[in-house]
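Chain and residue survey
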Amino acid sequence: MINFENINRFLQEKLQKAKRYEVGAVEAASWLDQAGLLSDSKDRPGRELRRILRKNLIHGQEQLPNGRWTIRLVQPETKLHHTFESAGVSGRWNELDSSADISTVLSSFRNPTTVTNRDKAIQENSCIPRSSGLYAWYLRNLPEVVPVDGCTQFQDYYLMYVGISPFKEGGSGNLRQRIQTHFGKNESNNASRSTLRLSLGCLLTEFLNINLQHVDDRIHFNEGEKLLNEWMAKNALVVWEVYSCPWAIESKIIENLSLPLNLKHNTQHEFYDHLSNLRKWKKRGAK
């Protein structure tokens, strides 16, 4: 079975040691083959790695306009907690220090150094990477019913929601795709595809004068989605952390933060029942 965690860590450390910013898919595939992490095709070099790249499972991956793949350095040296045992026969990494990874992500979310708004996030050349990872939403101007006590604050924004992409091992999602969906980049990126948009729309129903509707076998805010986009453009910021298997630490990240808008892994939060019941009530009333 292919170990994507090992492959991602190896490639990032290899780039660091070589003091390189990026590597092409063919050369990266050769590195992985020599390390015993992924067998390469002699007839079509890079074929097996490209199959993985198409599933968006590699840190820093990017498909260039000419169709070729590149893998860029995305993690500073302080975030690589282990050294690859290149001299060993097994060719495996040491055990993952999950507590260190959780601490790194929490610190990144609590002390954001780079935050992005809707206008920048939905651009074609968005700075958000097409990599696996976790993301956190800072919001402001929500109804008073939403508790902010205990929430991490950044300027006049509060950390309210954390998500991951992809949702599980083998998933095809990535940070840029998921964040752009939440921000409503396209018309199809509505509340039926974003639990964050659904929660925000339900909380802002009266303020924005929007309601859930049945549209083509889906439930979302229809024309009200545009008003939700405008609200998010003024009141939402997002920060992210690249991580190859975000599903492995998602619950721990949520447990260590006060996140009023998370439902999954968050049943103990004081706002859970209110938000859960509100969403159900609004869905039942959708026309």
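The coordinates are above.
In what follows, the accompanying structure is described. Please read all numbers here as calculations on a predicted model, not as lab measurements. Every chain is numbered on its own, with residues counted from 1 as its sequence reads. With the structure being a predicted model, the display of local features is reserved for residues of pLDDT at least 70 and the display and counting of side-chain atom pairs for 80 or more, all residues being used for whole-chain, interface and lining totals. Note that the side-chain values use all heavy atoms of the structure and ignore hydrogens as well as water.

Considering the sheet that holds strand 3 (residues 69–72)
The 3 strands lie next to each other as 1-3-2, forming an open sheet whose pairing is antiparallel. If you trace the sheet from one side to the other, it starts and ends with strand 1 (22–24) and strand 2 (61–63), each paired once. For this sheet, the mean inter-axis angle between neighbouring strands, taken without regard to orientation, is 30°. A pair of strands counts as paired when DSSP detects no fewer than two bridges linking them. Each helix corresponds to a stretch of at least 4 residues labelled H or I by DSSP, and each strand to a stretch of at least 2 residues labelled E; elements are numbered beginning at the N terminus. Two strands pair when backbone bridges link them, and strand 1 and strand 3 are joined in this way by 3 bridges, in the antiparallel orientation. Within the sheet, the bridge partner assigned to Gly 24 lies in strand 3 and is Thr 70. Should any heavy atoms of two residues lie within 4.5 Å, those residues are considered in contact. Helix axes are fitted only over the stretch in contact, all axes being lines through C-alpha atoms; the angle between N-to-C directions runs from 0 to 180 degrees. Docked against the sheet, helix 2 (residues 25–34) engages strand 1 and strand 3, running at close to 90° with respect to strand 1.

A word on helix 7 (residues 195–203)
Residues spaced three or four apart along an α-helix point in a common direction, a consequence of the helix completing one turn every 3.6 residues. Accessibility here uses a 1.4 Å probe with only protein chains present; expressed as a share of the type maximum, an area under 20% marks a residue as buried, one over 50% as exposed, and anything in between as partly exposed. Burial analysis of helix 7 places 8 of its 9 residues in the buried class, which makes it a mostly covered element. On its buried face, helix 7 is in contact with strand 4 (133–139), strand 6 (157–165), helix 6 (175–183), helix 8 (205–208), helix 9 (224–235) and helix 11 (272–284).

Some words on unusual backbone geometry
Of the consecutive residues Ser 165 and Pro 166, the connecting peptide bond is found in the cis state with omega at 0°. Inspection of the secondary structure assignment puts Pro 166 in the loop between strand 6 and helix 6. Positive phi is not limited to glycine here, since Gln 155 has a value of about 55°. The backbone of Asp 216 shows a phi angle near 50°, a positive value even though the residue is not glycine. Structurally, the position occupied by Asp 216 is in the loop between strand 7 (213–215) and strand 8 (218–220). Given the relative accessible area of 72%, Asp 216 is considered exposed.

As for the packing of helix 7 against helix 9
A pair of packed helices is captured by two measures, namely the crossing angle of their axes and the spacing between those axes. For the pair helix 7 and helix 9, the least separation of the axes is 11 Å and the interaxial angle reads 95°. On the basis of the axis angle, helix 7 is roughly perpendicular to helix 9. Note on element contacts: helix 9 touches helix 7 through Glu 225, Leu 228, Asn 229, Trp 231 and Met 232, opposite Leu 196, Arg 197, Leu 200 and Gly 201. An angle below 35 degrees is treated as roughly parallel, one above 145 as roughly antiparallel, one from 65 to 115 as roughly perpendicular, and anything else as oblique.

Some thoughts on the environment of Arg 140
Mapped onto the fold, Arg 140 is located in the loop between strand 4 and strand 5 (153–154). Residue Arg 140 is classed as partly exposed on the basis of its relative accessible area of 23%. For Arg 140, the contacting residues outside a window of four places in its chain are Asp 156, Tyr 157, Trp 231, Lys 234 and Asn 235. Only 3.3 Å separates the side chain of Arg 140 from the side chain of Tyr 157, close enough to count as a polar contact. In protein, a polar contact requires one atom able to donate a hydrogen and another able to accept it; more generally it is a pair of N or O atoms within 3.5 Å, and residues adjacent in sequence count only if both atoms are side-chain atoms.

A short note on the packing of aromatic side chains
In this analysis, rings of Phe, Tyr and Trp, with Trp reduced to its six-membered ring, are considered paired at centre separations within 6.5 Å, and the interplanar angle assigns stacked below 30 degrees, edge-to-face beyond 60, and tilted for intermediate values. Taken as a whole and judged by the stated rule, the model has 2 aromatic pairs. Seen from their ring centres, Trp 137 and Phe 183 are 4.6 Å apart, and the 65° between their planes marks the pair as edge-to-face. Pair noted here: Trp 137 is in strand 4 and Phe 183 is in helix 6, with a separation of 46 residues, a long-range link. Trp 137 sits in the buried class, given a relative accessible area of 0%. The ring of Trp 31 carries Lys 14 above its face, with NZ or CZ at 5.4 Å from the centroid. Only when the NZ of Lys or the CZ of Arg is both within 6 Å of the ring centre and within 35 degrees of the ring normal is a charge said to sit over the ring.

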